[in-house]
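Spelled out, the chains give:
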Amino acid sequence: MDNSDKIKPLSEELAASLIKNESTSDFEKSEIFDEEIKSQILSNIKTGEYSDILKGIETKKDWKAFKKKIKKRPKKSFRLWSYGAAASIVLLISIAFVFNKTDKKQDLDFEEPTIVNNNIEVGTDKATLTLEDGSDIILEKGQVYKSNNISSNGEEILYSPKGKRGKVTGNEVAYNMLTIPRGGQFYITLADGTKVWLNSESKLKYPVTFRRNETRKVELIYGEAYFDVSPSTNHRGAKFKVFHQSQEVEVLGTEFNMRAYKDETHINTTLVEGKVSVSTANANEVLVPNQQSSLNLETSKISKATVADVYNIVSWKDGVFSFENKPLKDIFKVLSRWYDMDVIIENTVKKEERFIGTFNKSNSIEDILTAIKSTGFINTYEINNKTLTIK
């Protein structure tokens with residue numbers, strides 16, 4: 001093997017200096033770390049604890065394979081761990097992040113959960129398509145629908161650029177709406193080739209076809225959507241805009257996530273690729289990849305920040321919920337939409353406990369509750385029909 005392929009590993013001495021918050025100059029010079037992985041480790045190693053996470057990595061090829069592995073998240077299983085500020089945290093880099101808990105949560109007297117008529121079901125592909133004449137078409141997994149330039153297999157809906165309504169004349173623009181209920185999700189390809197993933201409890205309004213040489217406009221009435229926009233170069237320079245009653249997003253071919261739920265006080269727009277301009281009546285922010293704008297609906301002010309891991313925001317479209325340093329109340333707000341349930345957290349302190357973890361959207365609610373209960377931060381829970389009570 002060529003010696004030039006050898007890399008300098010992280011020694012115990014360098015690890016010790018990290019733990020003691022001493023100079024990291026030698027560590028920073030170590031060829032084994034790039035900026036992203038180094039930041040991840042520096043932010044998670046705590047005093048008095050260290051794990052040899054790099055054992056067996058001897059070449060640059062090994063390192064590349066290692067980095068590729070840890071950037072993935074599990075899609076067929078889930079894990080959830082406590083992330084309390086007082087917890088003694090050890091970072092073990094593998095497919096998921098694992099955290100040790102302190103003993104302070106071990107004193108709970110665990111009780112068996114109470115389950116009465118559990119009607120909480122895993123979400124699935126379903127939506128209501130509202131045509132331009134006001135008629136509703138129910139779309140469900142396994143159901144086929146076809147009409148004019150519209151076709152659906154029950155999981156996605158496709159608008160072809162040609163068909164009986166392929167040409168827009170005069171002032172006529174025909175609009176459809178796709179409404180996703182709680183416990184649902186759906187995927188749509190618009191007539192211009194733009195792909196849109198719609199999360200639970202969302203509603204999108206869009207033209208059946210787009211006017212040639214004019215800005216392509218759609219409206220996210222409420223909810224959450226991920227857009228993979230067909231580039232303007234494919235449409236004679238025509239821009240693409242996403243409207244909401246409180247803001248406008250202008251793009252030129254990009255991927256971004258927009259979250260605008262009716263029961264939330266902020267609209268968050270997160271850029272994955274490309275470039276977008278987020279505007280209101282009073283402000284404008286231009287985003288680059290891994291940046292997020294947050295519009296406060298109460299003050300009408302926009303703030304902008306860099307997102308630590310954009311995956312945690314957009315993973316829902318790939319069938320995974322990923323949470324990082326999220327309060328229990330926020331986690332269950334997300335889960336309540338997917339599982340179409342009401343959630344009551346009786347202890348106000350527990351609402352603010354923070355967790356990190358990922359799980360597949362196909363997991364049952366009881367599987368998820370078992371994982372949360374195993375952290376020791378909740379005593380038990382109760383399910384009664386579609387109401388979940390955390391105790």
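The structure contained in this document is the topic of the report that follows. (Residues numbered from 1 in each chain as written. Predicted model: local features only at pLDDT ≥ 70, side-chain atom pairs only at ≥ 80, totals over all residues. Heavy atoms only, no water.)

## Structural notes on the layout of surface pockets
- If you add up the space inside the largest pocket, you get close to 840 Å³.
- Forming the boundary of the largest pocket are 31 residues, of which Arg259, Asn268, Gln292, Ile313 and Lys326 lie nearest the centre.
- Of all the secondary structure elements, the ones that give two or more residues to the lining of the largest pocket are β15 (255-260), β16 (266-273), β19 (291-296), α5 (311-314), β21 (320-327) and α6 (328-338).
- Tallying contributions element by element places β21 first for the lining of the largest pocket, with six residues.
- Here the lining of the largest pocket spans two domains, since at least three of its residues come from each of domain 2 (86-121 + 317-390) and domain 3 (124-307). (1 Å grid on protein atoms, 1.4 Å probe; cavity = no way out; pocket = protein on both sides within 12 Å on 5 of 7 lines; lining within 4 Å. Points joined across faces, edges and corners; volume = space filled by probe spheres on them. Helix = DSSP H or I, 4+ residues; strand = E, 2+ residues; numbered from the N terminus. Domains from an automatic or database assignment.)

## A look at the sheet that holds strand β2 (residues 114-116)
- Spatial strand order, β2-β24-β25-β22: four strands in an open sheet with mixed pairing. At either margin of the open sheet sits one strand with a lone partner, and together these are β2 and β22 (342-345). Each neighbouring strand pair of the sheet contributes to a mean axis angle of 10°, computed without reference to strand direction.
- Its contacts with the sheet put α6 on β22 and β25 (387-390), and the angle it makes with β22 is roughly 165°. (Pairing = 2+ DSSP bridges. Axes fitted to C-alpha atoms, helices over the stretch in contact; angles between N-to-C directions. Contact = heavy atoms within 4.5 Å.)

## Quick notes on the nonpolar core
- Formed by 41 residues in total, the largest nonpolar core has its most connected members in Leu129, Leu178, Phe227 and Phe256.
- With four residues, the single largest contributor to this core is strand β12 (residues 216-228).
- Leu328, Ile331, Leu335 and Ile378 belong to the second largest nonpolar core, which has 31 residues in total. (Core = buried A, V, L, I, M, F, W, Y, C linked by side-chain atoms within 4.5 Å. Buried < 20%, exposed > 50% of the residue type's maximum accessible area, 1.4 Å probe, protein only.)

## What about the pairing of strand β9 (residues 184-189)?
- Within β9, five of the six residues are buried, leaving the element largely enclosed by the surrounding structure.
- In terms of strand pairing, strand β3 (residues 124-130) meets β9 through two bridges, oriented parallel. Paired with Thr124 across the strands is Gly184, a residue of β9.
- The pairing of strand β7 (residues 156-159) with β9 spans three bridges and is classified as parallel. Bridge pairing in β9 places Leu158 opposite Thr189.
- Sheet analysis places β9 next to strand β10 (residues 195-198), joined by four bridges and oriented antiparallel. Bridged to Thr189 within β10 is Lys195.

## Structural notes on the environment of Asn117
- Within the fold, Asn117 resides in the loop between β2 and β3.
- For Asn117, a relative accessible area of 53% gives the class exposed.
- Considered as a pair, Asn117 and Lys386 are 269 residues apart in the sequence and their alpha carbons are 8.5 Å apart.
- Those residues in contact with Asn117, other than ones at most four positions away along the chain, are Asn384 and Asn385.

## Here we look at α6
- Most of α6 is tucked away, with eight of its 11 residues classed as buried.
- All of the buried residues in α6 are Leu328, Ile331, Phe332, Val334, Leu335, Ser336, Arg337 and Trp338.
- Positive backbone phi, approximately 50°, marks Asp340, located one or two places after α6.

## A short note on the environment of Ser151
- Among the structural elements, Ser151 can be located in strand β6 (residues 150-152).
- Once residues lying within four places of it in the same chain are set aside, the contact partners of Ser151 are Tyr145, Lys146, Glu156, Ile157 and Leu158.

## A look at the packing of aromatic side chains
- Per the counting criterion, the structure on display carries eight aromatic pairs.
- With a centroid separation of 5.5 Å and an interplanar angle of 75°, the aromatic rings of Trp197 and Tyr226 are classed as edge-to-face. Separated by 29 residues along the polypeptide, Trp197 in strand β10 and Tyr226 in strand β12 bring together distant segments of the chain.
- Under the relative-accessibility criterion, Tyr226 is labelled buried at 3%.
- Counting every residue linked through ring pairs, the aromatic cluster contains Tyr187, Trp197 and Tyr226.
- Sitting above the plane of the Tyr226 ring, Lys317 keeps its charged end 4.7 Å from the centroid.
- Just above the ring of Trp338 sits the side chain of Lys361; from NZ or CZ to the centre is 4.2 Å. (Phe/Tyr/Trp six-rings, centres within 6.5 Å; stacked < 30°, edge-to-face > 60°. Lys NZ or Arg CZ within 6 Å of the ring centre and 35° of its normal.)

## Points about unusual backbone geometry
- The phi dihedral of Arg236 is positive, around 55°, even though this residue is not glycine.
- Note on placement: Arg236 falls in the loop between β12 and β13 (240-244).
- Although it is not a glycine, Asn325 adopts a positive phi angle of roughly 55°.
- Within the secondary structure, Asn325 is located in strand β21.
- With relative accessibility at 30%, the residue Asn325 sits in the partly exposed group.

## Some details on the pattern of salt bridges
- Per the counting criterion, the structure on display carries 18 salt bridges.
- Ionic pairing is found between Arg182 and Glu201, a salt bridge with its closest N-O pair at 3.7 Å. Pair noted here: Arg182 is in the loop between β8 (175-180) and β9 and Glu201 is in the loop between β10 and β11 (202-207), with a separation of 19 residues, a long-range link.
- Here Arg182 falls in the partly exposed class, since its relative accessible area comes to 24%.
- Classification of Glu201 as partly exposed rests on a relative accessible area of 21%.
- Two residues, Lys239 and Glu250, come together in a salt bridge whose shortest N-O distance is 3.2 Å. (Salt bridge = Lys/Arg side-chain N within 4 Å of Asp/Glu carboxyl O.)

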